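Commentary on secondary and tertiary structure
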Amino acid sequence: MVQNTKSLPALKKTITDLKQQFDIEPKTDVENLQNKYLGKRGFINDLMKSLKDVPREMRPVAGQLLNELKENLDHQIKLLGKGLSEKTPNKIDLTLPGLKPNAGHTHPVSQAIEEITHIFEKIGFTRVRYPEVDWDYYVFESLNMPLDHPARDEWETFFIEVPEAEKMGKMVLTTHTSNGQVREMERLNSKPPIRMINIARCYRRQQDATHTQMFHQFEGLVVDKGINIQHLKGTLDHFAQQFYGPGTKSRIRPFHFQFTEPSFEVDFSCHICHGTGKKGRSKCKFCKSGWHEVGGAGMVHPNVLKAGGIDPDEYTGFAFGWGVERTYTLKEGLNIDDIRLIYSGDLKFLEQF
Ligand code: PHE
């Protein structure tokens, strides 16, 4: 309790005692504290009354001390009211939930690669890796695109400044994962069955909001006796359902690639509007048409099989390939207007995945 405060040192001691008492007070009931310390009959008012006992010349100092104490307590109590304490508590509340350490996670593209690999491995595909700096031969020539073929222009290619090799030609940064097709046939000594999934970085000379110079593709290749378009279609449907969810369908549309015949473009039904293109009475904002175009596919061209030492009269095959980034952002329901964000290293963006 407040002691007799006849002199300034005595008053100072009382103030210190009071502060200590406040510090160890259970701080659960703020209203109670307010009454006890700052109320009409509270400690501060008690002390104010006892100012008259302090020698006159010391009163201004004593008054100032008391005012400081009052403001301090008032401030602390208000903070408590807001659930805050200005002091670092020297008492630790072990019942409080702990702080979660920021553990980070794999990059969204790595997550996608893992998931894609898993889906295809389950149905008997083997994940392979081939050079990302490769010979013209594997990237173009063996894929039915001779040196002077105009179809090469589709792939805006980076050439590496090294001497050309006989038969292999120039060295390039791989523009697509199709460079793995003939390499895989060679790895298996031209002996099907082949069930390959090749996921790798690709490079093209283009950079804008929808293209990055480096991106990822995944490529499927199946070669065996009696392989036909239904096998391709079934595989695409399977992937669509596993990756985007049950009910997602695939659609193939006629197209042209030098290394497949016939060739297709592949679409997946929009998993937001389930392929209807509508959301209520208005258009689905995500796809507008019910479908998303994702990539290319087709039946392996006989010349490609031949380049891999496989007899096209005995074996047939299908291939498909497209971008990992786009496949993944579609899944997340994102129409990212600037794909470069994925490689910006911006944690605010990446932490969302
Ligand atoms: N390589 C093609 C591209 O990059 C896609 C493709 C792969 C097409 C396999 C057909 C077969 O666009």
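Presented here is an overview of the structure given in this document. Owing to the predicted nature of the structure, the values given are computational and were not obtained by experimental measurement.

Quick look at the packing of aromatic side chains
In the structure shown here, the tally under the stated rule is 23 aromatic pairs. Summarising the aromatic geometry, the rings of Phe239 and Phe268 are spaced 6.0 Å apart at their centres and angled 40° between planes, so their arrangement reads as tilted. With Phe239 in helix 8 (residues 229–244) and Phe268 in strand 8 (residues 260–269), the pair connects residues that are 29 residues apart, well separated along the chain. Both residues of the pair, Phe239 and Phe268, count as buried. Among the aromatic residues, those joined into a ring-pair cluster are Phe120, Phe125, Phe218, Phe239, Phe243, Tyr244, Phe268, Phe318, Phe320 and Trp322. Seen from the ring of Tyr138, Arg183 lies directly overhead, with NZ or CZ sitting 4.1 Å from the centre. Just above the ring of Phe243 sits the side chain of Lys331; from NZ or CZ to the centre is 4.4 Å.

Side note on the pattern of salt bridges
Charged atoms that come close allow side chains of opposite charge to pair. Summed over all chains, the structure comprises 13 salt bridges. Residue Glu132 is joined to Arg201 by a salt bridge in which the shortest nitrogen-to-oxygen separation is 3.1 Å. You can see Glu132 sitting in the loop between strand 1 (126–128) and strand 2 (133–135) and its partner Arg201 sitting in strand 5 (residues 194–203), a full 69 residues away along the chain. For Glu132, a relative accessible area of 15% translates into the label buried. For Arg201, a relative accessible area of 35% translates into the label partly exposed. Where Lys233 meets Asp237, a salt bridge forms, and the shortest distance between an N and an O atom there is 3.3 Å. Residue Lys233 and its partner Asp237 are both found in helix 8; the two are separated by 4 residues, about one turn of the helix. Taking the relative accessible area as the measure of exposure, Lys233 reaches 24% and is therefore partly exposed. One network of salt bridges, with partners in common, ties together Arg251, Arg253, Glu265 and Asp267.

Observations concerning the site of the ligand
Inspection of the region around the ligand gives 15 residues, with His176, Ser178, Arg204, Gln217 and Glu219 positioned closest. Here an oxygen atom of the ligand sits 3.5 Å away from a polar atom, N or O, in the side chain of Trp155. In the model, an oxygen atom of the ligand is placed 3.1 Å from a nitrogen or oxygen of the Gln217 side chain. When the ligand sits alone it has 330 Å² of accessible area, and the protein chains cover 93% of it. Where the shell around the ligand is concerned, the elements lending two or more residues are strand 6 (214–224), strand 11 (291–300) and strand 12 (316–323). The element best represented in the shell around the ligand is strand 12, accounting for 3 residues. By residue class, the composition of the shell around the ligand is 6 nonpolar, 7 polar and 2 charged.

Here we look at helix 7 (residues 180–187)
Summarising burial for helix 7: 6 of the 8 residues are buried, a large majority. Three or more residues of helix 7 are buried, namely Gly180, Gln181, Val182, Arg183, Glu184 and Met185.

What about the pairing of strand 5?
For strand 5, a buried count of 8 out of 10 residues is recorded, marking the element as mostly surrounded by other parts of the structure. Here strand 1 pairs with strand 5 via 3 bridges, running parallel. Across the sheet, the residue bridging to Val128 is Asn198, located in strand 5. In terms of strand pairing, strand 5 meets strand 6 through 10 bridges, oriented antiparallel. Opposite Ile197, over in strand 6, you have Gly220 as the bridge partner.

Basis of the calculations
Residue positions are counted from 1 within each chain, in the order its sequence is given. With the structure being a predicted model, the display of local features is reserved for residues of pLDDT at least 70 and the display and counting of side-chain atom pairs for 80 or more, all residues being used for whole-chain, interface and lining totals. Here the side-chain values reflect all heavy atoms present in the structure, with hydrogen atoms and water set aside. The criterion for an aromatic pair is that two Phe, Tyr or Trp rings (for Trp, the six-membered ring) have centres within 6.5 Å, with stacked assigned to planes under 30 degrees apart, edge-to-face to planes over 60 apart and tilted to the rest. Working definition: helices are DSSP H or I runs of at least four residues, strands are E runs of at least two. Numbering for both runs from the N terminus. Accessibility here uses a 1.4 Å probe with only protein chains present; expressed as a share of the type maximum, an area under 20% marks a residue as buried, one over 50% as exposed, and anything in between as partly exposed. Ring-over charges, as used throughout, are those where CZ of Arg or NZ of Lys falls within 6 Å of the ring centre and within 35 degrees of the ring normal. The salt bridge criterion pairs a side-chain nitrogen of Lys or Arg with a carboxyl oxygen of Asp or Glu, the two atoms within 4 Å. A cutoff of 4 Å decides nearness: a residue is near a molecule or strand if any of its heavy atoms lies inside that distance of it. Any pair of N or O atoms that falls within 3.5 Å is considered a polar contact. Within protein, one atom must be able to donate a hydrogen and the other to accept it, and sequence-neighbouring residues count only if both atoms are side-chain atoms. To be clear on the numbers: accessible area is Shrake-Rupley with a 1.4 Å probe, and residue cover counts the displayed protein chains and nothing else. Residue polarity is assigned by list, with Asp, Glu, Lys and Arg as charged and Ala, Val, Leu, Ile, Met, Phe, Trp, Tyr, Cys and Pro as nonpolar; anything else, Gly included, falls into the polar class. One requirement defines pairing of two strands: DSSP has to find at least two bridges between them.

These figures come from the coordinates and say nothing about function on their own.
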